[in-house]
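Here's the letter readout for the chains.
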Amino acid sequence: MKNPEVEKKLIHCIKNNNSNHSLYWYPLVNIESSLCTAAYDITRIYQDDQIILLENIVNTCNIVYVSMFQMDHREYFENESIVRLLYERDEDGYVFQWYAETFIFDRFEEWLIYLSHEHTITFTGEKIVTAAKRIIPSYYLMHET
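Residue numbers restart at each chain and count upward from 1, following the sequence in its written direction. Local features in a predicted model are, by the rule used here, given only for residues with pLDDT of at least 70; side-chain atom pairs are given and counted only at 80 or more, and totals for whole chains, interfaces and linings are based on all residues. Side-chain measures here rest on the full set of heavy atoms in the structure, leaving out hydrogens and waters.

Re the sheet that holds strand 3 (residues 75–81)
Right, so step 1: Two strands pair under a simple rule: DSSP has to find at least two bridges between them. Secondary structure elements follow DSSP: runs of H or I no shorter than four residues count as helices, runs of E no shorter than two count as strands, and numbering proceeds from the N terminus. Reading across the sheet, the seven strands line up as 3-2-6-7-8-1-9 and stay open at both edges, with antiparallel pairing between neighbours. Pairing within the sheet leaves two strands with one partner each, and these edge strands are strand 3 and strand 9 (141–144). Pairs of neighbouring strands in the sheet enclose a mean axial angle of 20 degrees, with direction left out of account.
Right, so step 2: Strand direction decides the pairing type here: strand 7 (residues 112–115) and strand 8 (residues 120–124), joined by four bridges, are antiparallel. Pairing of leucine 115 across the sheet is with isoleucine 121, part of strand 8. For helices, the fitted line uses only the C-alpha atoms of the stretch in contact; every axis is such a line through C-alpha atoms, and the angle between N-to-C directions lies from 0 to 180 degrees.

What about the environment of threonine 102?
Right, so step 1: In this fold, threonine 102 is placed in strand 6 (residues 102–105).
Right, so step 2: Accessible area is worked out with a 1.4 Å probe on protein chains only. A residue is then buried under 20% of its type maximum, exposed over 50%, and partly exposed in between. Assessed through its relative accessible area of 0%, threonine 102 is described here as buried.
Right, so step 3: In this structure, the C-alpha to C-alpha distance between threonine 102 and histidine 117, residues 15 residues apart in sequence, is 9.1 Å.
Right, so step 4: Once you skip the residues sitting within four places of it in the chain, threonine 102 turns out to touch Met68, Phe69, Gln70, Ile113, Tyr114 and Leu115.
Right, so step 5: Within the local environment of threonine 102, its side chain forms a polar contact with the backbone oxygen of alanine 100, the two atoms lying 3.3 Å apart. Any two residues whose heavy atoms approach within 4.5 Å at even a single point are treated as in contact. Any pair of N or O atoms that falls within 3.5 Å is considered a polar contact. Within protein, one atom must be able to donate a hydrogen and the other to accept it, and sequence-neighbouring residues count only if both atoms are side-chain atoms.

A short note on the packing of helix 3 (residues 51–60) against helix 5 (residues 126–135)
Right, so step 1: Between helix 3 and helix 5, the shortest axis-to-axis distance is 9 Å and the interhelical angle comes to 140 degrees. In terms of axis orientation, helix 3 runs oblique to helix 5. In this structure, helix 3 crosses over helix 5, and the sense of that crossing is right-handed. Facing helix 3, whose interface residues are Leu53, Asn56, Ile57 and Thr60, helix 5 presents Ile128, Ala131, Ala132, Arg134 and Ile135.
Right, so step 2: Three residue categories are used. Nonpolar comprises Ala, Val, Leu, Ile, Met, Phe, Trp, Tyr, Cys and Pro, charged comprises Asp, Glu, Lys and Arg, and polar comprises the others, including Gly. Looking at the contact of helix 3 with helix 5 residue by residue, the class counts come to six nonpolar, two polar and one charged. Throughout, the term roughly parallel applies to angles under 35 degrees, roughly antiparallel to angles over 145, roughly perpendicular to angles from 65 to 115, and oblique to all others. Two helices that cross are described as forming a left-handed crossing if the nearer one is turned anticlockwise from the farther one by less than a right angle, and a right-handed crossing if clockwise.

Here's what the structure looks like:
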């Protein structure tokens, strides 16, 4: 379900909380803070047909329905099935890994998944990062804090 009201609020917040006031957001692993983060090569995960790793993380953390904000299209969606999103396909292949500058979160805001045009999937939040580090082989790890 699309929510234009929340779209406007998110766009305003993002523009006002980065140095160049744009909608481009750098990978979360580059932010200097005490955030617990881990970034993985999402393109390689999909090329190796290891989507089940991502599904196992969301299942371990009991994540079912999420909100998603795609900055490319400036669209905000609520109540999306994350497992369905992981396996979404078009005529060229899987779509999920090509979502660029996309934030995925739930109403509790205890974790965040960020998909970047740098082909990374970054997990933020202690519970989801712990699950990712346990489930995804270090072969796919690009950076962690």
